Amino acid sequence: QVQLVESGGGLVQAGGSLRLSCAASGSIRSINVMGWYRQAPGKQRELVATIRSSGSTNYADSVKGRFTISRDNAKNTVYLQMNSLKPEDTAVYYCNALLLRSSSWFQDDYWGQGTQVTVSS
């Protein structure tokens, strides 16, 4: 069984910073892509940022220059440093991983339970 466990959400004032973490555990052979998505009330889930095992990254235009995604491959952990936060960043943030389990030859998609980020104006 594979689990993704997020931490680091909370309440912050506009202009502040938060750092999210997500650790993957279980029978994992390798992790290809890790990323963060978010869902605001009444809106669809959207991509925030992704990072491949090679280190290449991809960001939503709305967070470029403010958010930084990174990962520690040895710890199967992905981070999201969020700076200059805005009220419109308020959402539930979900961790995602495209990975290969030890018992499988096919990649599977896994999601964390989500962590709330609230930015007050």
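The structure this text deals with has already been given above.
Residues numbered from 1 in each chain as written. Predicted model: local features only at pLDDT ≥ 70, side-chain atom pairs only at ≥ 80, totals over all residues. Heavy atoms only, no water.

**Describing the sheet that holds strand β1 (residues 2–7)**
Right, so step 1: Pairing is antiparallel across the open sheet formed by 4 strands, whose spatial order is β1-β3-β8-β7. This sheet does not close on itself; its edge strands, each paired only once, are β1 and β7 (67–72). Along the sheet, successive strands turn relative to each other by an average axial angle of 15°, direction set aside.
Right, so step 2: Pairing geometry for β1 and strand β3 (residues 18–26), over 6 bridges, is antiparallel. Along β3, the bridge assignment pairs Leu4 with Ala24. (Pairing = 2+ DSSP bridges. Helix = DSSP H or I, 4+ residues; strand = E, 2+ residues; numbered from the N terminus. Axes fitted to C-alpha atoms, helices over the stretch in contact; angles between N-to-C directions.)

**Here we look at the state of the cysteines**
Right, so step 1: Taken as a whole and assessed by the stated rule, the structure comprises 1 disulfide.
Right, so step 2: Residue Cys22 pairs covalently with Cys95 via a disulfide, S to S 2.1 Å. Torsion about the S-S bond of the Cys22 and Cys95 cystine: about -80°, corresponding to left-handed handedness. Residue Cys22 is found in strand β3, and its partner Cys95 is found in strand β9 (residues 91–101); the two are separated by 73 residues along the sequence. Neither Cys22 nor Cys95 differs from the other in exposure class; each is buried. (Disulfide = S-S within 2.5 Å. Buried < 20%, exposed > 50% of the residue type's maximum accessible area, 1.4 Å probe, protein only.)

**Quick notes on the environment of Ser53**
Right, so step 1: Mapped onto the secondary structure, Ser53 falls in the loop between β5 (46–52) and β6 (57–59).
Right, so step 2: The spacing of Ser53 and Val33 is 20 residues in sequence and 6.2 Å in space, taken between C-alpha atoms.
Right, so step 3: Excluding residues that lie within four positions of it along the chain, Ser53 makes contacts with Ile31, Asn32, Arg71 and Asn73. (Contact = heavy atoms within 4.5 Å.)

In short, the description is geometric, and any link to function would need to be established separately.
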